[in-house]
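Next come the chains, spelled out residue by residue.
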Amino acid sequence: MTAEEQRLQADRERTAYWRRWGPYLSERQWGTVREDYSSDGSAWNHFSHDQARSRAYRWGEDGIAGISDNHQRLCFAIALWNEADPILKERLFGLSGPEGNHGEDVKECYFYLDNTPSHAYMKYLYKYPHLAFPYDQLVQENQQRGYHDPEFELLDTGVFNENRYFDVYVEYAKATDEDILIQVTVSNRGAEPKTLHLLPTLWFRNTWSWEPNSQKPCLAQREKERSTHIVEATHPTLGNRWLYCQTADALLFTENETNYDRLFGLQNPSPYVKDGIHDYIVQDQTEAVNPEQIGTKVAAHYKLTLEAQQTKTIQLRLTNNSNLVDPFNTEFADIFAQRQQEADEFYQRITPEHFSADARNIQRQAFAGLLWTKQYYHYVVEDWLQGDAAQPQPDRHAARNRDWIHLFNDDILSMPDKWEFPWFAAWDLAFHCVPLAMIDPDFAKRQLDRLTREWYMHPNGQIPAYEWHFSDVNPPVHAWGTWRVYQIEKVLYGRADTSFLERVFQKLLLNFTWWVNQKDHNGNNVFQGGFLGLDNIGIFDRSSELPTGGYLEQADGTSWMGMYCLNMLAIALELSKTNPAYEDIASKFFEHFLYIADAMNQIGESSVALWDEEDQFYYDVLHLPNNDWHRLKVRSMVGLVPLFAVEILEPSMLEQFHSFKKRFNWFIENRPHLQSNIAALETEGEQARRLLAIVSPIQRLKPILQRLLDETEFLSSYGIRSVSKYHADHPYTFHVDGQVHQVGYEPAESTSGMFGGNSNWRGPIWFPMNFLLIESLQKFHHYLGDDFKVECPTGSGQWMTLAEVSAELSRRLIRIFSPDEHHHRPVHHHNEQFRTPHWRDLLLFYEYFNGDTGAGLGANHQTGWTGLVATLIHLCADTDCSTPVNLQANQAVSPSKLELIAPTLQ
């Protein structure tokens, strides 16, 4: 094992706690539901960015490039001041949901450069302008823009012109699991001398203000050792820690307490408050910090004057060792070098040697983003609803999440984005776990296990969606995520953790039952899940009451349930290898799948099929109160989700499980009508495999793929669009009570105010859906073999197997991040800044991507599910998918690896 794997093993065996300290600070705690104690639920307005520097948080902490322990008792991050800003830069700035023309939007330039699963080595880059940070300009310009305009970004303000900025690199290297070396390197990229105030800050999360009679922790200066300032941190449960600060100008102490005077015009209990260090540095108020050198928040002050192009480095050390005589000796640099080398060795086993340096860089930064986006997430709904004894009683008569009083979150979780979405999102998390399982299967398994535990999952079996509305309905992908994580660990690490598989499976049985009981309107195996994470993809808000009345029968909702059945079938068969009782459960999911697959094509006596024979595509069906119905003919991802419900049965599997085989054969003989519209179970495919699929490869697969691979419809140079480009010239319209509801092709930001105007499924490219399409095509290839070929792109005259098509789609997705000969990466669109030397290798992993240009859109640090690119790079090891393909070349593309992404049941 590599040194990093040895650390992970030690953590797993609890001989050392390497994961106790990590990048667990949020990047935005303000404006969250947890901190909202308003009477009207207006979280953005109740706790604003302006208040954040002065107001103590209740449920968590935020900071820049920060770390904390796993219960966020003690926190560390950096603060900065360039002698021009109106405020001390202690947290990342961005627009609230109402302020942005496309919803909430961080307005900073920062990058996750490296990280390892044990967090033994971490590296972060923040770019800080020399000029005053343009807070007002960013707010005003975005407020003047509408849904049809792009967002106004920090780079658009010109503050980085002529390289007038500092690069601030923050690195951590652990000497032991409790001895953390910290190095901050500042480079002046400009052409003239500039001064930067650097303030590495240590503080305790405020728990004492909310918990009566709780013991308050303490930070205090200890006697200096030579030129080293020392802070002693004492906490009743964490114990003692010491922060050693190399040659600091001073230590500035205050309290992590609300400044009631500034915010509410009330007298402060103490003269030392949360924004005391800000007042000392920016306002030159020397009385704002405690001369007794004691408090619950402290910053080491470094005033650095850097010449043009000059670089300076400062060193700190946070440790459980109180007696370090020389904390910054040569060992300090040696440990950093060793941890960097060990990180390289660890990732070498994931990234093939023959890959280009840039492909390795893309994958490494994708993994870094996944690991940096871990966050301590604390939310106890019962306490939040009732309020705290030491605070005024909140008005919760109409509070959100009242039905989730059992929910008790106190964990390290993978966030979609620690600024724009600093709260777990259930279906996002399942996708995060796939690339995470490649480097840290223990953490990936813990994520999936947590969501199905009794303090997360509702007693009725529903999985919580996200904190803004836990009762929203996300696609049921947790069985898929669980099965994939299990398989990845088995293949890469040789460990088959059936205990994890069985534990989660048992809880998913409850969740599956909830879906069947709650989301099948007529009991006919056609499901109405709501918006299902696809936000504004349809003509209506699918999670709200329809303006027409009636209800929707959803092609995607039904298909997701078909996929859920097959995922549960796969897990049940795996568990049957050691416990034959699971064969009966496997048979149950096999039968349920057949009924769902049949319902997709033939619904009861009304014969309202979701499959449209004329268009050769799947659509939602709208049922009206007068018993009339309409197919909503939007060519969208909704009609492609049926492809996800596919599974391959190896002949060896059928022979292994006699009870399941008996039931399988009984259905073939006695329920032939259930096979009429799906893959014929009697027909053996490649190597005598059997196929379970909603989409019949004989009748429907080719016409769907013809649209999917058509560059005038779904196929983009950068992946599969979520809505067909056909709708650019042919928008779909539907009239209700004199109002026109319409869906057109929108390749970039949303032009609709639906869901706050900050999500768009009407044309852009989304990594999770593309990933599932690639996986499904590989499975179909397992069954159909090399003789089954389709034209790719449609009309090109180039014929490919489905394995080759999956490789081609992978290649196009990876191309989003890959540079051309002019150092242009589509993800950055045509932003010239990212072609300059100190920017060209930096990557952002956005929420989604422009369907025509590949430019990044939405949350720009949503590495979570976009981190799937790391898995695609690994799977393309045989062909190096990072190399741009000549779309006109009449040359077949070699298939990518199959064993991780599309394992068959055997």
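Note on numbering: residues in each chain are counted from 1, in written sequence order. Only residues with pLDDT of 70 or above have their local features reported here, since the model is predicted, and side-chain atom pairs are shown and tallied only from 80 upward, although totals for entire chains, interfaces and linings are computed over all residues. Derived side-chain values reflect all non-hydrogen atoms in the structure, with water molecules and hydrogen atoms excluded from consideration.

Draft legend 1. Examining the sheet that holds strand β7 (residues 121-129) more closely. Pairing between two strands requires that DSSP report at least two bridges joining them. Segments assigned H or I by DSSP are reported as helices when at least four residues long, segments assigned E as strands when at least two residues long, and all are numbered from the N terminus. With antiparallel pairing, 9 strands are arranged side by side in an open sheet as β6-β7-β8-β9-β17-β13-β12-β11-β15. A strand with exactly one partner marks an edge of an open sheet, and here the two such strands are β6 (109-115) and β15 (294-295). Summarising the sheet, β7 and strand β8 (residues 165-176) pair through 9 bridges and their orientation is antiparallel. Within the sheet, the bridge partner assigned to K127 lies in β8 and is D167.

Draft legend 2. Structural view of the pairing of strand β18 (residues 374-380). Buried means the residue's accessible area, taken with a 1.4 Å probe over protein chains only, is under 20% of the maximum for its type, while exposed means over 50%, and partly exposed covers the values in between. Burial analysis of β18 places 7 of its 7 residues in the buried class, the great majority of the element. Neither face of β18 is open: one carries K374, Y376, H378 and V380, the other Q375, Y377 and Y379, and all of them are buried. In this sheet, strand β19 (residues 408-414) lies alongside β18 in antiparallel orientation, the contact comprising 7 bridges. Following the sheet pairing, V380 is matched in β19 by F408.

Draft legend 3. Representation of the nonpolar core within the structure. What makes a nonpolar core is a set of buried Ala, Val, Leu, Ile, Met, Phe, Trp, Tyr and Cys residues whose side-chain atoms join them at distances within 4.5 Å. If you look at the biggest cluster of nonpolar residues, it comprises 263 residues, and the most contacted ones within it are V184, W560, F660, M769, F780 and F817. Looking at which element gives the most residues to this core, the answer is helix α14 (residues 555-576), with 14 residues. Excluding residues within four positions of it along the chain, F780 makes contact with L643, V646, L691, A693, V695, L701, G785 and L802. A173, I230, W242 and L324 belong to the second-largest nonpolar core, a separate cluster that totals 13 residues. Only heavy atoms matter for contacts: two residues are in contact if any of them lie within 4.5 Å across the pair.

Draft legend 4. Representation of the packing of helix α13 (residues 498-518) against helix α15 (residues 582-599) within the structure. Look at α13 against α15: their axes get within 14 Å of each other, and the N-to-C directions meet at 35°. For the pair α13 and α15, the crossing hand works out as left-handed. For the pair α13 and α15, the contacting residues are E502, F505, Q506, L509, F512 and V516 in the first and Y582, I585, K588, F589 and H592 in the second. When residues are grouped by polarity, Ala, Val, Leu, Ile, Met, Phe, Trp, Tyr, Cys and Pro land in nonpolar, Asp, Glu, Lys and Arg in charged, and all others, Gly among them, in polar. Class assignment of the residues belonging to the contact of α13 with α15 gives a composition of 7 nonpolar, 2 polar and 2 charged. To obtain an axis, a line is fitted to C-alpha atoms, over the contacting stretch when the element is a helix, and the angle between two such axes runs from 0 to 180 degrees between their N-to-C directions. Take the far helix as the reference: if the near one is turned anticlockwise from it by less than a right angle, the crossing is left-handed, and if turned clockwise, right-handed.

Draft legend 5. Quick peek at the environment of A444. Within the fold, A444 resides in helix α11 (residues 441-451). Residue classification places A444 among the buried residues on the basis of a relative accessible area of 0%. C-alpha of A444 to C-alpha of R663: the two residues are 219 residues apart in sequence and 34 Å apart in space.

Draft legend 6. Structural detail: the environment of L243. Take L243: it is sitting in strand β13 (residues 239-246). Among the residues examined, L243 registers a relative accessible area of 2% and is labelled buried. A C-alpha to C-alpha distance of 9.9 Å links L243 and T228, two positions 15 residues apart in sequence. Discounting residues that sit within four places of it in the chain, L243 has contacts with F76, L202, H229, I230, V231, L316, R317 and L318.

Draft legend 7. Spotlight on the side chain of D449. Examined against the element boundaries, D449 turns out to sit in helix α11. For D449, the side chain forms a polar contact with the side chain of R503, separated by 2.9 Å. Two N or O atoms form a polar contact when they lie within 3.5 Å of each other; inside protein one atom must be a possible hydrogen donor and the other a possible acceptor, and for residues adjacent in sequence the pair counts only when both atoms belong to side chains.

Draft legend 8. Main features of the pairing of strand β25 (residues 646-649). The side-chain alternation of β25 yields two buried faces, one formed by V646 and I648 and the other by E647 and L649. Bridging between β25 and strand β26 (residues 690-693) involves 4 bridges; their strand directions are antiparallel. Paired with I648 across the strands is L691, a residue of β26.

Draft legend 9. Main features of the sheet that holds strand β10 (residues 194-204). Taken in spatial order, the 6 strands of this open sheet run β1-β2-β3-β10-β16-β14, and their pairing is antiparallel. Every other strand in the sheet has two partners, leaving β1 (21-22) and β14 (250-254) as the edge strands with one partner each. Where β1 lies against strand β2 (residues 64-69), 2 bridges are found, and the strand directions are antiparallel. When the bridges of β2 are listed, G22 appears paired with S68.

Draft legend 10. Helix α17 (residues 658-670), seen in detail. Helix length check: α17 (13 residues) gives 18 Å between terminal C-alpha atoms against 18 Å at 1.5 Å per residue, within 8%. Those residues of α17 lying buried are F660, F664, F667 and I668. Seen end-on, α17 carries its buried residues on one side only, within an arc spanning 100°. Of the exposed residues in α17, those oriented more than 90 degrees away from the buried face are H658, K662 and E669. Elements that come into contact with the buried residues of α17 comprise α14, α15, β25, α16 (651-656) and β26. By this rule, a helix spans an expected 1.5 Å times one less than how many residues it contains. Here, the arc refers to the directions that run from the helix axis to the C-beta atoms.

Draft legend 11. Region of interest: the packing of helix α8 (residues 357-372) against helix α22 (residues 868-875). Contact pair α8 / α22: the axes reach a minimum separation of 8 Å and the direction vectors enclose 140°. Here α22 runs oblique to α8, going by the angle between their axes. Considering only the axes of α8 and α22, their crossing is left-handed. Along the contact surface, α8 presents A359, I362, Q363, A366 and F367, while α22 presents V869, A870, I873 and H874. For the contact of α8 with α22, a count of residues per class yields 7 nonpolar, 2 polar and no charged. Orientation categories follow fixed angle ranges, with anything under 35 degrees roughly parallel, anything over 145 roughly antiparallel, 65 to 115 roughly perpendicular, and all other angles oblique.

Draft legend 12. Just α22, in detail. In terms of burial, α22 is largely enclosed, as 8 of its 8 residues are buried. Those residues of α22 that fall on the buried side of the exposure criterion are L868, V869, A870, T871, L872, I873, H874 and L875. Where the residues of α22 are buried, they touch α8, α10 (426-439), α12 (478-493), α19 (767-784), α20 (802-815) and α21 (863-866).

Draft legend 13. Structural detail: the pattern of salt bridges. By convention in these notes, a salt bridge is any Lys or Arg side-chain nitrogen within 4 Å of a carboxyl oxygen on Asp or Glu. Taken as a whole, this structure holds 60 salt bridges when the rule is applied. Residue R631 is joined to D612 by a salt bridge in which the shortest nitrogen-to-oxygen separation is 3.1 Å. Here D612 lies in strand β21 (residues 611-612) and R631 lies in strand β24 (residues 629-632), a separation of 19 residues in the sequence. D612 gets classed as buried once you look at its relative accessible area, which sits at 3%. The network of salt bridges with shared partners includes D411, R446, D449, R450, R453, E454 and R503.

Draft legend 14. Representation of the layout of surface pockets within the structure. Estimated volume of the largest pocket: approximately 830 Å³. Residues are said to line a cavity or pocket when one of their atoms sits within 4 Å of a point; the points come from a 1 Å grid over protein atoms alone, cavities being sets where a 1.4 Å probe fits but cannot get out and pockets being open sets with protein on both sides within 12 Å along at least five of seven lines. Looking at the largest pocket, it is lined by 23 residues, and the ones nearest its centre are D11, R14, R19, R446 and R450. For the lining of the largest pocket, the secondary-structure elements that each account for two or more residues are α1 (3-12), β19, α11 and α13. Counting residues per element, the lining of the largest pocket draws most heavily on α11, which supplies 6 residues. Its residues assigned to classes, the lining of the largest pocket comprises 5 nonpolar, 3 polar and 15 charged. Grid points are joined across faces, edges and corners, and a volume is the space filled by probe spheres set on the points.

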